[in-house]
Amino acid sequence: MNNSFSENLIFSFNATIPVFLMMVFGWFAKKVNLLDEHSTKKINQFVFKALLPALLFMDLSTADFKAVWDTEFVLFCFLATAGSITIAYLISLVHKDKTERGEIIQASYRSSAAILGIAFVKNIYGEATMAALMIVGTVPLYNIIAVIILSLTSPDKQQTDKRELLRKTFRDVITNPIILGIIAGMLWSVLRIPQPVILSKSVSYLGNMATPLSLIALGASFKTSDARQKIRTAVGITFIKLMLFCMIFLPVAIIMGFRDEKLIAILVMLGSATTGSCFVMAKNMNHNGTITACAVMLTTLCSAFTLTAWLFILRTMQYI
């Protein structure tokens, strides 16, 4: 990789600042009454039930997994993600409000891997096969665990019968639109089903709307008064998301021999900003969403600096 530090800095800003500005635009649109709470809620539902599944299907159905499959790499991504979830869960136990723990856990471990990962790796190396494999090892687990955690910690389920809660949680997992999109995309790729131009273009139109619309809705839902009360929690999540997981798992990845494109994909998996779909999922599963919104905005802003710093460190040590 021949990029200089200044070029990496510019790339990181180009990758993250527009995302942050889309959220600011959503907040501004709410302030000038272009959006209200009802329309914002409907946009969230539309993104969650239609656009995000289309985006994941679009990414996964076009990846040639058989040709580039690397079991060791995929297994590492899966185990590092499982380890991150466990760490996030243990840290969340110190938070007094049990109904907010689900948001803390999800926002701490869940990266914008599907959205940022392919673009980030492709920009540096010209191809993104390892990023696609990283998605296979992480995104299904991201979403399954998020559905389970958010179901179990939902504020309106605290008095629910445990057996009924387990049944509802299982039903939420197997009917979750995002998980269905992942399964459909993986099966489509593995079975090598032809994808007509009409289908691929239609799905890409839907998928390409997912990120901007989810960010606008997130910004429109952001309440400054609530954010002030949750800023300390969001700062803690930001440290966990952008620094702690990288400090723990990047050395392990290096010891295991992962380099170049694989190591960059792992970096994005561990240290990229909390994905905006966390907020969409939290709101659609009856959580307040304020902690998640704060975490997405703060990690998005700070990741421009932290990702650049991690890239610089890895390049200086000649691992990429």
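Here the structure is shown first, and the text comes after it.
Note that the structure is predicted; figures quoted are calculated from it, not measured.

**Q** Help me out: how do you make sense of helix H5 (residues 101–109) in this one?
**A** For the α-helix, the turn length of 3.6 residues means that residues three or four positions removed from each other point alike. The element H5 is largely enclosed, with a buried count of nine among its nine residues. Those residues of H5 that fall on the buried side of the exposure criterion are Arg101, Gly102, Glu103, Ile104, Ile105, Gln106, Ala107, Ser108 and Tyr109.

**Q** Can you walk me through helix H13 (residues 277–284) in this structure?
**A** In terms of residue burial, H13 counts as a mostly covered element, since six of its eight residues are buried. Burial in H13 covers these residues: Ser277, Cys278, Phe279, Val280, Met281 and Ala282. Of the residues trailing H13, Asn286 is marked for its positive phi of about 70°.

**Q** What exactly am I supposed to notice about a nonpolar patch on the surface here?
**A** Taken together, the side chains of Leu21, Val24, Trp27, Phe28, Val32 and Leu34 define a hydrophobic patch exposed on the protein surface, amounting to about 550 Å² of accessible area. In this fold, Val24 is placed in helix H1 (residues 5–31).

**Q** What is the right way to read empty space enclosed by the protein from this model?
**A** Picture a little ball the size of a water molecule; that probe, rolled over the atoms, points out where space is still empty. Counted according to the given criterion, the structure contains two cavities of 30 Å³ or more. By volume, the second largest cavity is sized at about 30 Å³. Lining the second largest cavity, in full, are Ala80, Thr81, Ser84, Tyr109, Tyr142, Lys241, Phe245, Met269 and Leu270. Breaking the lining of the second largest cavity down by element, the ones donating at least two residues are helix H4 (71–92), helix H11 (224–255) and helix H12 (260–271). With three residues, the top contributor of residues to the lining of the second largest cavity is H4. A class-by-class count of the residues in the lining of the second largest cavity yields six nonpolar, two polar and one charged.

Rules behind the numbers
Residues numbered from 1 in each chain as written. Predicted model: local features only at pLDDT ≥ 70, side-chain atom pairs only at ≥ 80, totals over all residues. Heavy atoms only, no water. Buried < 20%, exposed > 50% of the residue type's maximum accessible area, 1.4 Å probe, protein only. Helix = DSSP H or I, 4+ residues; strand = E, 2+ residues; numbered from the N terminus. Patch = residues over 30% accessible without salt bridge, like charges linked within 9 Å, V, L, I, M, F, W, Y side chains within 5 Å. Areas by Shrake-Rupley, 256 points an atom, 1.4 Å probe, with all protein chains shown as cover. Salt bridge = Lys/Arg side-chain N within 4 Å of Asp/Glu carboxyl O. 1 Å grid on protein atoms, 1.4 Å probe; cavity = no way out; pocket = protein on both sides within 12 Å on 5 of 7 lines; lining within 4 Å. Points joined across faces, edges and corners; volume = space filled by probe spheres on them. Nonpolar A, V, L, I, M, F, W, Y, C, P; charged D, E, K, R; others polar.

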